[in-house]
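Take a look at the letters that make up each chain.
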Amino acid sequence: MTNFNLQFFKKEIHHENKTPPAVTFRMSWQIDYYSEAVEENILNLPDGLLARYLKLSDLMLELGANLGMPHTKALHDGLFELRIKAKEGIARTFYCTQVGKRIIVLHVFVKKTQKIPTKELKIAIERLKEVSKNDTSRTKS
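Computed from a predicted model, the values in this text were never measured in an experiment.

The rules behind the values
- Residues numbered from 1 in each chain as written.
- Predicted model: local features only at pLDDT ≥ 70, side-chain atom pairs only at ≥ 80, totals over all residues.
- Heavy atoms only, no water.
- Helix = DSSP H or I, 4+ residues; strand = E, 2+ residues; numbered from the N terminus.
- Salt bridge = Lys/Arg side-chain N within 4 Å of Asp/Glu carboxyl O.
- Buried < 20%, exposed > 50% of the residue type's maximum accessible area, 1.4 Å probe, protein only.
- Pairing = 2+ DSSP bridges.

(A) Focus on the environment of Leu 61. In this fold, Leu 61 is placed in helix H3 (residues 47-63). Separated by 31 residues in sequence, Leu 61 and Gln 30 have C-alpha atoms that sit 6.1 Å apart.

(B) Seen up close, the pattern of salt bridges. In the structure shown here, the tally under the stated rule is four salt bridges. Taking the shortest distance from any N to any O, the salt bridge between Arg 102 and Asp 32 comes out at 2.7 Å. Of the two residues, Arg 102 is situated in strand E5 (residues 102-111) and Asp 32 in strand E1 (residues 30-33); the sequence distance between them amounts to 70 residues. Overall, the relative accessible area of 21% leaves Arg 102 in the partly exposed class. Between Glu 126 and Lys 129 there is a salt bridge; the shortest N-O distance is 3.6 Å. Of this pair, Glu 126 and Lys 129 both sit in helix H4 (residues 118-134), three residues apart, roughly one helical turn. For Glu 126, a relative accessible area of 49% translates into the label partly exposed.

(C) Region of interest: the pairing of E5. The buried count for E5 comes to eight of 10 residues, which makes it a mostly enclosed element. Bridge count between E1 and E5: four bridges; the pairing is parallel. By the bridge assignment, Gln 30 is partnered in E5 with Arg 102. The pairing of strand E4 (residues 89-98) with E5 spans nine bridges and is antiparallel. Its bridge partner lying in E5, Ile 90 is registered against Lys 111. Connecting E4 to the next strand, E5, in antiparallel fashion are three residues, including Gly 100 with a positive phi near 95 degrees.

Quick look at the structure:
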């Protein structure tokens, strides 16, 4: 499991677009990633979806894993989705939470149909089981 430094990446985006830096929040939660591949998939999202992910992840770092609809939704026994929408389309990020205010991003995909594809949900559920098995302190928030 890896921890990606979103603050560094956001500074790079602000520098490239010459926009002022975002307001700095006192971040009480931590976001970790199931694997480097999950991080790379997020970084490879279309620009609008990536920007929206970064905005929502900032909110999650400050406010916690449950932002409520339309941003987050509980799916399955400790599995949640972050609902990302931009002009390029819709993406979903599946995540779980652990004790110590940790959010673990398990899987991400660009949504092409109304329903969540079974294949994508199965990947997230399998990773949730693996993370739960390796960390018995996981909570359902």
